[in-house]
Amino acid sequence: MAQSLANISDTLKISNDTAVAQRDLIDIARSIFKIKPRKISTTEKKKIYFSVLPISSSDGRSGGRALFTSTTAAFYLGDQATTNLSSFTFTPYFNLKGRYGLPIRSNIWLDNNQWNIVGDTRMLVYPQYTWGLGGNQPEGDKFLVNYKYARFYQTVMKKIEPYLYAGLGYNLDYYLDIDSDGDNNLRNFTHYKYGTATDQDVFSSGVTFNLLYDTRRNSINPLPGAYVNVVYRANSKILGSHTNWQSLYIDLRKYVSLSNSGPKNVLAFWSYYWTSLTPGTPYLNLPSLGWEPYQRSGRGFVQNRYRGQRLAYFETEYRRDITRNGLLGFVLFANVNSVTEANTHDFVYWHPAGGTGLRFKFNKKSGTNISLDYGVSKNFSSINLNLGETF
């Protein structure tokens, strides 16, 4: 008994010894159920690290209850010393208010990081409130829009310098059966003419030109480094798009380690700027909070709360391990966003939010955390549950 207590104490105590063995929830499960890990052969090179999170929880971003299973597969497609960790994430989702979807995301790094292939495929049934354009719409002045949505994004980039990539992609957005509850309709509510006709499909098809600078080794749980992503999108009727329109998305991230050893102690910064460059952008393709490529922005806000021709977003997060073995950690975060006004195209109203969260190390091999966050803004709060860090 005394020996058992000593072992527990050694696991949880915080000391100056930096060589503490890392532990995760898989280790805890093996200890409880007396499961011996399979021995890995020295000839095995390509390992796949799975993380699975099946859960029912409150859906803080959209309201109601949600059932979802998030599965992440992380693996190396080359020498681990020179190749980044690739990932494949599948998150089937069902909201008890009629929203469900099958999103699949992939981020593939080939041997020695010579190529980076990024994919985003979604099939969604997605009734969602909208507040129109601009940043000063009252909370109660909202409108429910029903639609089905299909997305197919694929990007291929080639390394041209260490950490620097350039390439081309193809983006397809297909909004089907756009409908509105009640006697009103989306066009009358928003006073916007593109992509707002009732029972009309909206199809956008275009090529993308991409630049990427990424010094992170692991996008699931970024360590100190930097990330810059620039995406210029040109939609054309030649490719089947209903209208010709263009957009620009710029994503900047920086991760700073505040200590050289011991528990994780990181300050992370994230900013993005998303703009429609031409008239003709369908309403549901306009920049909107929580609809950036990874759909992780705006903790503390309901998704889609603010929409405009342009959107600016800033967030910072402090990340700290509670236990030296990495099993448990916490974060503190704050963010602010603004969209341009419909008439002036100026940024006028800025909306802040903040919160805190816990981190539970699910898989130490891939660095995958279970993230449980609580965010709050004026007139709203949300609980967000994810596999992996928010950014």
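Residues numbered from 1 in each chain as written. Predicted model: local features only at pLDDT ≥ 70, side-chain atom pairs only at ≥ 80, totals over all residues. Heavy atoms only, no water.

Visitor: I tried to follow the overall build of the protein on my own but got confused; where do I start?
Guide: In terms of regular secondary structure, the protein is built from three helices and 18 strands. With 391 residues in all, the protein has 47% of them scored as buried. Intrachain contacts of the protein at a sequence separation of at least 6 include 58% that bridge at least 24 residues. For the protein, the accessible surface area stands at approximately 18,700 Å², while carbon and sulfur atoms represent 60% of it. (Helix = DSSP H or I, 4+ residues; strand = E, 2+ residues; numbered from the N terminus. Buried < 20%, exposed > 50% of the residue type's maximum accessible area, 1.4 Å probe, protein only. Contact = heavy atoms within 4.5 Å. Areas by Shrake-Rupley, 256 points an atom, 1.4 Å probe, with all protein chains shown as cover.)

Visitor: Looking at this structure, how should I read a nonpolar patch on the surface?
Guide: A contiguous nonpolar patch, built from Ile322, Leu358, Leu372, Tyr374, Val376 and Ile383 and spanning about 460 Å² of accessible area, is present on the exposed surface. Examining the composition of the nonpolar patch, we find that three residues originate from one element, strand 17 (residues 368–377), more than from any other. Here Ile322 lies in the loop between strand 14 (310–321) and strand 15 (328–339). (Patch = residues over 30% accessible without salt bridge, like charges linked within 9 Å, V, L, I, M, F, W, Y side chains within 5 Å. Salt bridge = Lys/Arg side-chain N within 4 Å of Asp/Glu carboxyl O.)

Visitor: Would you mind showing me how to read the environment of Tyr149 here?
Guide: Positionally, Tyr149 belongs in strand 8 (residues 143–161). Taking the C-alpha atoms as reference, Tyr149 lies 7.6 Å from Arg122; in sequence the two are 27 residues apart. Setting aside its immediate chain neighbours within four residues, Tyr149 contacts Arg122, Met123, Leu124, Asp173, Tyr174, Tyr175 and Trp291. There is a polar contact of 2.4 Å between the side chain of Tyr149 and the side chain of Asp173. (Polar contact = N/O pair within 3.5 Å; in protein donor to acceptor, adjacent residues only side chain to side chain.)

Visitor: What is the right way to read the environment of Phe347 from this model?
Guide: Mapped onto the elements, Phe347 comes out in the loop between strand 15 and strand 16 (351–363). Contacts of Phe347, omitting those with residues within four sequence positions, involve Tyr273, Arg310, Leu311, Ala312, Ser338, Val339 and Thr340.

Visitor: Teacher, can you tell me more about the nonpolar core here?
Guide: The nonpolar side chains of a soluble globular protein tend to be buried, and buried together. In terms of nonpolar packing, the biggest core is built from 34 residues, with Tyr147, Ile178 and Tyr272 touching the most fellow members. Broken down by secondary-structure element, the contributors of at least two residues to this core are strand 8, strand 9 (164–180), helix 3 (186–190), strand 12 (245–257), strand 13 (265–276) and strand 14. Ile178 has contacts with Val145, Asn146, Tyr147, Leu186, Gly195, Ala197, Thr198, Asp199, Gln200, Val202 and Leu284, leaving out every residue within four places of it along the chain. Counting residues in each nonpolar core, the second largest holds six residues, with Trp109, Met157, Leu212 and Tyr227 among its members. (Core = buried A, V, L, I, M, F, W, Y, C linked by side-chain atoms within 4.5 Å.)

Visitor: Looking at this structure, how should I read the pattern of salt bridges?
Guide: Any two side chains of opposite charge can pair, given that their charged atoms come close. Counted according to the given criterion, the structure contains 18 salt bridges. Residues Asp120 and Arg105 are paired through a salt bridge, measuring 2.6 Å at the closest nitrogen-oxygen approach. One end of the pair, Asp120, is in strand 6 (residues 115–125); the other, Arg105, is in strand 5 (residues 99–109), and 15 residues separate them in sequence. Neither residue differs from the other here; Asp120 and Arg105 are each classed as buried. Between Arg359 and Asp373 there is a salt bridge, with the nearest N and O atoms lying 2.8 Å from each other. Of this pair, Arg359 sits in strand 16 while Asp373 sits in strand 17; the two residues are 14 residues apart in sequence, bridging distant segments of the chain. What makes Asp373 buried here is its relative accessible area of 1%. Among the charged side chains, a salt-bridge network with shared partners connects Arg299, Glu315, Glu317, Arg319, Arg359, Asp373 and Glu389.

Visitor: Even after reading the chapter, I still don't get unusual backbone geometry, so can you show me in this structure?
Guide: One non-glycine residue with positive phi stands out, namely Asn112, at about 60°. Looking at where Asn112 falls in the secondary structure, it is placed in the loop between strand 5 and strand 6. With relative accessibility at 33%, the residue Asn112 sits in the partly exposed group. With phi around 50°, Gln295 is a residue other than glycine that occupies positive phi space. Overall, Gln295 belongs to the partly exposed group, its relative accessible area being 21%.

Visitor: Can you walk me through the pairing of strand 18 (residues 380–387) in this structure?
Guide: Remember that side chains alternate between the two faces of the sheet whenever the strand is regular. Examined bridge by bridge, strand 17 and strand 18 share eight bridges and lie antiparallel to one another. Residue pairing across strands places Leu372 opposite Leu385, the latter belonging to strand 18. Where strand 17 hands over to strand 18, the hairpin turn is made up of two residues, of which Asn379 adopts a positive phi near 70°. (Pairing = 2+ DSSP bridges.)

Visitor: I tried to follow the packing of aromatic side chains on my own but got confused; where do I start?
Guide: What describes a pair of aromatic rings is the distance from one ring centre to the other and the angle between the planes of the rings. One pass over the structure, following the stated rule, counts 24 aromatic pairs. Here Tyr174 and Phe203 contribute two aromatic rings whose centre-to-centre distance is 5.4 Å and whose plane-to-plane angle is 80°, an arrangement assigned as edge-to-face. A residue pair is termed long-range when its members are at least 10 positions apart, and Tyr174 in strand 9 and Phe203 in strand 10 (residues 202–214) qualify at 29 residues. Judged by its relative accessible area of 27%, Tyr174 is partly exposed. Among the aromatic side chains, those forming a connected cluster through ring pairs are Tyr249, Tyr255, Trp270, Tyr272, Trp274, Tyr313 and Phe391. Geometry around Tyr294 places Arg105 over its ring, the cationic atom sitting 4.0 Å from the centre. (Phe/Tyr/Trp six-rings, centres within 6.5 Å; stacked < 30°, edge-to-face > 60°. Lys NZ or Arg CZ within 6 Å of the ring centre and 35° of its normal.)

Visitor: So what exactly am I meant to see when it comes to the side chain of Arg105 here?
Guide: Among the polar contacts listed, one links the side chain of Arg105 to the side chain of Asp120, at a separation of 2.6 Å. In contact with Arg105, not counting residues within four places along its chain, are Ser87, Phe88, Thr89, Gly119, Asp120, Arg122, Pro293 and Tyr294.

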